[in-house]
Amino acid sequence: ARGGLDARQRLAFDAAAADIAFAGQPVGNLTLGVAGPVSGYALQLALTGGEVQVELGGTGSYRDGIITQNVATGLVTVPGDQRWSLREPATVRVAGREVAVTAHCWALEDAELCLAGSGAGRKASRGLAAQSRGLDEGWAVPSAVPAVTGGLGSTSNGICHAYTPD
């Protein structure tokens, strides 16, 4: 890692980590770049070299102890060369221990995987839905999704499967 915050409150930070593993499984290599004023910086993040590839880009700000990160571009490639792209921008807001993500969808051809707005605390709402429109029966929700949702299941042509925790 190199960089930091200068006297004019501008960020210039690059970090890289190679051969990351989680629970004994290789994940890949992570790169992160942040540049610009604290009140409006650009961020690029990439996870490469593993089974799942992730590329995210956007802008963010830090004000009064709150980080607001707008994710404008996103691409997640899973086995089988399924390339899921972020359909519309999403916002992540971090205030202390509270984290919230706005509703957004990831698209693969005519399929989409959508996350309802989420957050921490008593008023948090969470939900996940997958929908396939016009895809063949070979399409499946990425294998990581059932682990997160407790078993979303597979989709079939024109059928929507949804999960909302209790």
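Residues numbered from 1 in each chain as written. Predicted model: local features only at pLDDT ≥ 70, side-chain atom pairs only at ≥ 80, totals over all residues. Heavy atoms only, no water.

(A) Structural view of the nonpolar core. Residues Leu-47, Val-54, Val-71, Val-76, Val-78, Trp-84, Leu-86, Trp-106, Leu-108, Ala-111 and Leu-113 constitute the largest nonpolar core, which totals eleven residues. Listed by contribution, the elements that provide at least two residues to this core are strand E6 (66-78), strand E7 (82-86), strand E10 (104-108) and strand E11 (111-115). Of the residues forming this core, the biggest block, three residues, is contributed by E6. (Core = buried A, V, L, I, M, F, W, Y, C linked by side-chain atoms within 4.5 Å. Buried < 20%, exposed > 50% of the residue type's maximum accessible area, 1.4 Å probe, protein only. Helix = DSSP H or I, 4+ residues; strand = E, 2+ residues; numbered from the N terminus.)

(B) Representation of the side chain of His-104 within the structure. Relative to the assigned elements, His-104 resides in strand E10. One polar contact links the side chain of His-104 to the main-chain carbonyl oxygen of Thr-102, over a distance of 2.8 Å. Residues within four places of His-104 in sequence aside, it is in contact with Leu-86, Glu-88, Pro-89, Ala-90, Leu-113, Cys-114 and Leu-115. (Polar contact = N/O pair within 3.5 Å; in protein donor to acceptor, adjacent residues only side chain to side chain. Contact = heavy atoms within 4.5 Å.)

(C) Expanded view of the environment of Ala-1. Tracing the backbone through its elements, the reader meets Ala-1 in the segment before strand E1 (2-5). Relative accessible area serves as the criterion here: at 84%, Ala-1 is assigned to the exposed category. On a C-alpha basis, the gap between Ala-1 and Gly-33 in space is 9.7 Å, while along the polypeptide they are 32 residues apart. The residues touching Ala-1, leaving out its near neighbours within four places in the chain, are Phe-13, Asp-14 and Ala-15.

(D) Focus on the pairing of E1. Where E1 lies against strand E2 (residues 10-22), four bridges are found, and the strand directions are antiparallel. Residue Arg-2 lies in a different strand from E2, and its bridge partner there is Asp-14. The hairpin formed by E1 and E2 contains four residues between the paired strands, and Gln-9 there has a positive phi angle of roughly 65 degrees. (Pairing = 2+ DSSP bridges.)

(E) Summary view of the pairing of strand E3 (residues 25-37). Bridging between E2 and E3 involves eleven bridges; their strand directions are antiparallel. Each bridged residue has a counterpart across the sheet, and for Ile-20 the counterpart in E3 is Gly-28. Connecting the antiparallel pair E2 and E3 is a turn made up of two residues, with Ala-23 showing a positive phi of about 50 degrees. Sheet topology note: the E3/strand E4 (residues 41-48) ladder contains seven bridges and is antiparallel. Bridge assignment links Leu-30 to a residue of E4, and that residue is Leu-47. In textbook terms, the turn of a hairpin is the stretch between consecutive antiparallel strands, and for E3 and E4 this stretch comprises three residues.

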